[in-house]
Amino acid sequence: MDFLLTSILDGLLLGFVYGLAAMGLTLIWGVMNVINLSHGPIISLGMFGVYLLFSGLGINPYVALIFVAIFGLLLGIVIYFVAVNRVINAPHLSTLLATFSVAMIITGLGTAVFSASPRNVDYSLGSFTLGSATIPINRIVAAALSMLITAGLYIYLRRTRSGRYIRAVANNRNAAELMGVPSVRILALSFGIGTMLATVAGGLIATLFPFTILAGGTYELKSFVIGVLGGLGNPVGALLGGLILGVLEGIIPTFMPATWVPVIEFILFVLILMVRPQGLFGAKKS
Amino acid sequence: MAILEIRDVTSGYGEVQILWGTSLSMEEGRLTSLVGANGAGKTTLLRTVMGSIKPWQGSVWFNGQDISHLPTHAKAEMGVVLVPEGRQLFTDMSVEENLEMGASPKRARAHVARNLERVYEMFPRLKERRAQKSGTMSGGEQQMLAVARGIMAEPIVLMIDELSLGLAPVLVLDLFQSLKKLKDAGLTMMLVEQNVQMALAISDYGYVLAQGRVEIDGPSRELAENEHVRSAYLGH
Ligand SMILES: Nc1ncnc2c1ncn2[C@@H]1O[C@H](COP(=O)(O)OP(=O)(O)OP(=O)(O)O)[C@@H](O)[C@H]1O
Ligand SMILES: [Mg+2]
């Protein structure tokens, strides 16, 4: 019983980070209807960003996240202008191919530079004992930061001028232009914020598990599952979806081999697509 | 002085040409109406002015400056504002957020409070519904919001495509009165109207567009008396 409680708690905490990663994917989809296939490799870059700053320069991993976030934002803006902007009005296949190419480039370069050998950020804050449950503090911090960033994103989108512009462009790009909103810049900013969320999520995951340059792919797939759970284009849904997935991952290994986790996740994915394609919590777009 | 001038513009969609050398000019402080049958190209002309579609040839001038190739948002920023056909509201946003979005141009930001008061006075219904999601409002209410949002932009030239569409006749009269007040306050306006009689009654100058060309233009009073206009557009 205690064992189950620990697993659920563990999974729940991890779920916040999953939710954060998925938010990067769903924000971009929600604003510009682009499925960002470079999401996974960008998560990997976030992992390596924290790793390099910590191992190379001795910067505290949580401080390193700030630099990683700035890097993610700028990288996303560059990717938008180089690869996405010219095909933004083309059929979906074009944007899929464009972001897939970016994924190939990042993965190719990353493998060449870092090889595919595993790394880890050797930084532990110890653990916290609650009754018989033991929780690593890294996880608690990662969950708390994810929650904070989600709240920050929510407030940003609601309360600031550029946040309002992002929602307006997502809702009706043509009308936003007519109101004086430079929509191309707003799309680039949205893409930047999406990749920023992905790199930060990657950076947080790096403080929890060992990883390789290819590790982001796993989290990209999780982000898709979460996006479908929570409804693509819905940040709050992404967080809830993340929590559900996290808890499932906590529980499943208590009664069957952990290797079955992805199988269950994808069965869920397909089932939801078949039964409730707008997501469990409904999405604003169909 | 002509504040907005369209010179020999041709444009269309893809390969299909809609405008065939259209010229039109709007005098400062005047209300100009643009009428014509369905499919004549009125909306296309306004889209070309705003840059939602690019002019193939010809040019658009605002305040003596060639703005033909500026992006749409830059034109709104300068004070050239369109209330588009089909309303194009931010349907996921509240009424008040839509109005705030209208006030996006820098020149409008300083006057948000005054303009908000003004449009709420013009449309008390919007004030009652300020927190409602705009997409859930009735068609007429949405039309009011579209016009109000355009006024929030602090326009120098305000173009309204299909003002009276979907509105009750009483309300249209009210709205025309309000627009007259704006005009008296110095706003230059262009109305695209199905209701030709009403449009000619309140405007100073009118253009009749047919198959992408200006067929007739003149002072509205004269147009209203014109034999051809009467038989083709006024039904007598
Ligand atoms: N997005 C588009 N793509 C292709 N053709 C279009 C498009 N929009 C309009 N058209 C065509 O251009 C022509 C002119 O249309 P436009 O909307 O400018 O007419 P209008 O004068 O505004 O008519 P209405 O009074 O019905 O609004 C029509 O034949 C229409 O079918
Ligand atoms: Mg029209």
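Description of the structure in this document.

Conventions and cut-offs
Residues numbered from 1 in each chain as written. Chains lettered and ligands numbered in written order. Predicted model: local features only at pLDDT ≥ 70, side-chain atom pairs only at ≥ 80, totals over all residues. Heavy atoms only, no water. Near = heavy atom within 4 Å. Polar contact = N/O pair within 3.5 Å; in protein donor to acceptor, adjacent residues only side chain to side chain. Areas by Shrake-Rupley, 256 points an atom, 1.4 Å probe, with all protein chains shown as cover. Helix = DSSP H or I, 4+ residues; strand = E, 2+ residues; numbered from the N terminus. Nonpolar A, V, L, I, M, F, W, Y, C, P; charged D, E, K, R; others polar. Contact = heavy atoms within 4.5 Å. Buried area = accessible area lost by both parts, 1.4 Å probe. Salt bridge = Lys/Arg side-chain N within 4 Å of Asp/Glu carboxyl O. Buried < 20%, exposed > 50% of the residue type's maximum accessible area, 1.4 Å probe, protein only. Donors = N, O, S within 2.8 Å, 3.2 Å for Na, K, Ca; no water.

Here we take up the site of ligand 1. Residue and element names in this part refer to chain B. Around ligand 1 lies a shell of 14 residues, among which Gly39, Lys42, Thr43, Thr44 and Glu85 are the nearest. Interatomic distance of 2.7 Å between a side-chain N/O atom of Thr43 and an oxygen atom of ligand 1. The contact in question runs from an oxygen atom of ligand 1 to an N or O atom on the side chain of Gln194, over 3.0 Å. Burial of ligand 1 by the protein chains amounts to 62% of its free accessible area of 630 Å². Counting residues per element, the shell around ligand 1 draws most heavily on helix α1 (residues 42-50), at 4 residues. For the shell around ligand 1, the per-class residue count stands at 4 nonpolar, 6 polar and 4 charged.

Our focus in this paragraph is the interface of chain A and chain B. Between chain A and chain B, the contact holds 18 residues from the first and 23 residues from the second. By the criterion of area lost to chain B, the three top residues of chain A are Asn171, Leu178 and Met179 of chain A, representing 38% of everything that side buries. If you look at where chain A meets chain B, you find 2 salt bridges. A salt bridge links Arg167 of chain A to Glu97 of chain B, with the nearest nitrogen and oxygen atoms 2.5 Å apart. Here the element with the most residues in the side of chain A that touches chain B is helix α6 (residues 161-171) of chain A; it accounts for 6 residues. When grouped by side-chain class, the residues that make up the side of chain A that touches chain B number 8 nonpolar, 4 polar and 6 charged.

Looking now at the pattern of salt bridges. Applying the stated criterion across every chain, the model contains 11 salt bridges over all chains. Glu141 of chain B is the partner of Arg125 of chain B in a salt bridge, and the nearest nitrogen-oxygen pair spans 2.8 Å. Placement of the pair is Arg125 of chain B in helix α6 (residues 124-128) and Glu141 of chain B in helix α7 (residues 139-152), with a sequence separation of 16 residues. Here Glu141 of chain B falls in the buried class, since its relative accessible area comes to 6%. Overlapping salt bridges bring together Lys222, Glu249 and Glu265 of chain A as one network.

For the rest of this paragraph, the subject is the coordination of the magnesium ion (ligand 2). Residues and elements named next belong to chain B. Taken together, the protein ligands of the magnesium ion (ligand 2) are Thr43 (OG1) and Glu85 (OE), with distances of 1.9 to 2.2 Å. Here Thr43, found in helix α1, pairs with Glu85, found in the loop between β6 (80-83) and α3 (95-102); they are 42 residues apart in sequence, far enough to count as distant. By relative accessible area, Thr43 is classed as buried at 14%. A relative accessible area of 32% means that Glu85 is categorised as partly exposed.

Once that is clear, we can look at the environment of Leu73 of chain A. All names here are of chain A. Relative to the helices and strands, Leu73 resides in helix α3 (residues 61-84). Residues Leu73 and Phe224, spaced 151 residues apart in sequence, show a C-alpha to C-alpha distance of 21 Å. Setting aside anything within four residues of it in sequence, one finds Leu73 in contact with Leu189, Gly192, Ile193, Thr195 and Met196.

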